[in-house]
Amino acid sequence: MNFKGRVVIVTGASRGIGREIASSFGRAGAVVACVATSVKGAQATANEITASGGKAHAYACDVSKSSDVEELFKALVEDLGTPAVIVNNAGITRDTLILRMSEDDWDQVQDVNLKGAFLMIRAASKLMMKARYGRIVNLTSVIGLGGGAGQANYAAAKAGIVGLTKSVAKEFGSRNITCNAIAPGFIETDMTQKLPEEFREFVKKNAPAGRLGTPTDIAPVVLFFASEEAAYITGQVLVVDGGLTL
Ligand code: NAP
């Protein structure tokens with residue numbers, strides 16, 4: 001898979017899965033636009049990529065805000081040109097039982113995880129349609145497919161990503177734009193550090209792989225969906241969970 005010269009946007013590139021995705025694209029020759037809430041976080045990943053001979057730029061953007069996303073695209077297109085790939089990876093959790101879930105817990109999780117992906121796709125759609133080329137990869141979750149007690153807000157947002165992915169695939173398919181989603185299981189990042197130890201043990205015991213995943217288990221799958229070779233795959237959701245939900 002060769003991404004030489006392709007402009008690739010990765011949201012949530014400062015940490016965890018997004019950082020690994022951005023670095024992998026950097027190693028594969030892409031011009032990577034690293035996006036995070038602060039330019040400092042995004043810059044750290046961009047520096048890592050450029051230090052190992054790749055090309056990367058850092059941008060601050062809160063993906064839940066349409067004005068931020070519009071500004072991001074304005075700057076990015078001017079700096080780098082039309083994006084070929086968007087990876088909607090930015091995400092947050094505000095886990096709690098419904099009984100205790102505030103409206104804000106609900107709204108923030110929808111806004112970042114679901115609306116953020118919509119805003120990014122909407123901003124890119126005109127450019128990608130004009131270029132008659134695009135690869136969109138969205139991060140959902142096994143929780144979006146099977147639900148999760150204490151995660152109703154996150155499960156709803158991630159289930160929304162599945163509907164969004166399939167709709168975008170249908171809407172843009174004739175323009176050589178694909179849209180697919182990856183549903184990770186439990187991956188070792190800041191997000192899962194908040195999980196109780198007993199739950200981590202449960203995953204280790206019940207996943208045939210016998211361990212939690214790592215960002216390096218996810219990034220190659222993103223690169224595959226984003227590649228030219230995956231042209232005939234669209235609207236799909238691939239579970240990457242070490243077999244946990246079998
Ligand atoms: P993480 O380590 O908590 O990192 C989250 C990333 O999202 C950070 O780069 C953060 O940037 C960025 N972000 C948060 N809010 C944002 C906003 N409003 N605008 C732009 N960027 C924002 O998370 P992760 O575990 O790598 O998860 C990455 C994705 O995979 C998420 O969509 C998550 O839901 C999904 N996922 C993760 C797991 C897992 O087990 N870890 C499982 C299934 C799905 P800052 O550093 O600037 O805050």
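Presented here is a report on the structure given in the accompanying data block. (Residues numbered from 1 in each chain as written. Predicted model: local features only at pLDDT ≥ 70, side-chain atom pairs only at ≥ 80, totals over all residues. Heavy atoms only, no water.)

Attention shifts here to the packing of aromatic side chains. In total, this model carries 4 aromatic pairs according to the counting rule given. Between F199 and F202 the ring centres are 6.0 Å apart and the planes differ by 25°, which places this aromatic pair in the stacked class. Residue F199 and its partner F202 are both found in helix α8 (residues 197-206); the two are separated by 3 residues, about one turn of the helix. Aromatic ring contacts, followed pair by pair, group F186, F199 and F202 into a single cluster. Sitting above the plane of the Y133 ring, R6 keeps its charged end 4.2 Å from the centroid. (Phe/Tyr/Trp six-rings, centres within 6.5 Å; stacked < 30°, edge-to-face > 60°. Helix = DSSP H or I, 4+ residues; strand = E, 2+ residues; numbered from the N terminus. Lys NZ or Arg CZ within 6 Å of the ring centre and 35° of its normal.)

This part is about the nonpolar core. As a rule of thumb, soluble globular proteins bury nonpolar side chains together. In this structure, V10, I21, F25, V32 and C34 are the most contacted members of the largest nonpolar core, which totals 34 residues. Only β1 (7-11), α1 (16-27), β2 (31-36), α2 (39-51), β3 (55-60), β4 (85-88), β5 (134-139) and α9 (215-226) provide two or more residues apiece to this core. Apart from the residues within four sequence positions on either side, F25 is in contact with F3, V8, V10, A30, V32, V85, V87, V222, L223 and A226. (Core = buried A, V, L, I, M, F, W, Y, C linked by side-chain atoms within 4.5 Å. Buried < 20%, exposed > 50% of the residue type's maximum accessible area, 1.4 Å probe, protein only. Contact = heavy atoms within 4.5 Å.)

The next thing to look at is the site of the ligand. Residues in close proximity to the ligand total 30 residues, the closest being S14, T37, Y154, I187 and T189. G185 has a polar backbone atom sitting 3.4 Å from an oxygen atom of the ligand. In the complex, the protein chains occlude 93% of the 900 Å² of accessible area that the ligand would expose alone. Where the shell around the ligand is concerned, the elements lending two or more residues are α1, α6 (152-172) and α7 (190-193). (Near = heavy atom within 4 Å. Polar contact = N/O pair within 3.5 Å; in protein donor to acceptor, adjacent residues only side chain to side chain. Areas by Shrake-Rupley, 256 points an atom, 1.4 Å probe, with all protein chains shown as cover.)

In space, the 7 strands of this open sheet follow the order β3-β2-β1-β4-β5-β6-β7, with parallel pairing throughout. Looking at which strands have only one partner, the edges of the open sheet turn out to be β3 and β7 (237-240). Geometrically, the sheet is characterised by an average inter-axis angle of 20° between neighbouring strands, direction not taken into account. In this structure, strand β6 (residues 177-184) lies alongside β7, joined through 4 bridges in parallel fashion. Bridge pairing in β7 links A181 to V237. (Pairing = 2+ DSSP bridges. Axes fitted to C-alpha atoms, helices over the stretch in contact; angles between N-to-C directions.)

Phi is positive for R132, close to 50°, though the residue is something other than glycine. Position of R132 among the secondary structure elements: in the loop between α4 (103-131) and β5. Its identity as a non-glycine residue notwithstanding, N176 has a phi of 65°, on the positive side. Looking at where N176 falls in the secondary structure, it is placed in the loop between α6 and β6. Take N176: its relative accessible area is 35%, and that puts it in the partly exposed class.

Taking 1.5 Å of rise per residue, the 12 residues of α9 would be expected to cover 16 Å, and the 17 Å separating its terminal C-alpha atoms lies within 8% of that figure. Among the residues of α9, P215, I218, A219, V221, V222, L223, F225 and A226 are the ones counted as buried. Among the structural elements, α1, β4, β5, β6 and β7 are those in contact with the buried residues of α9. (Expected span 1.5 Å × (residues − 1).)

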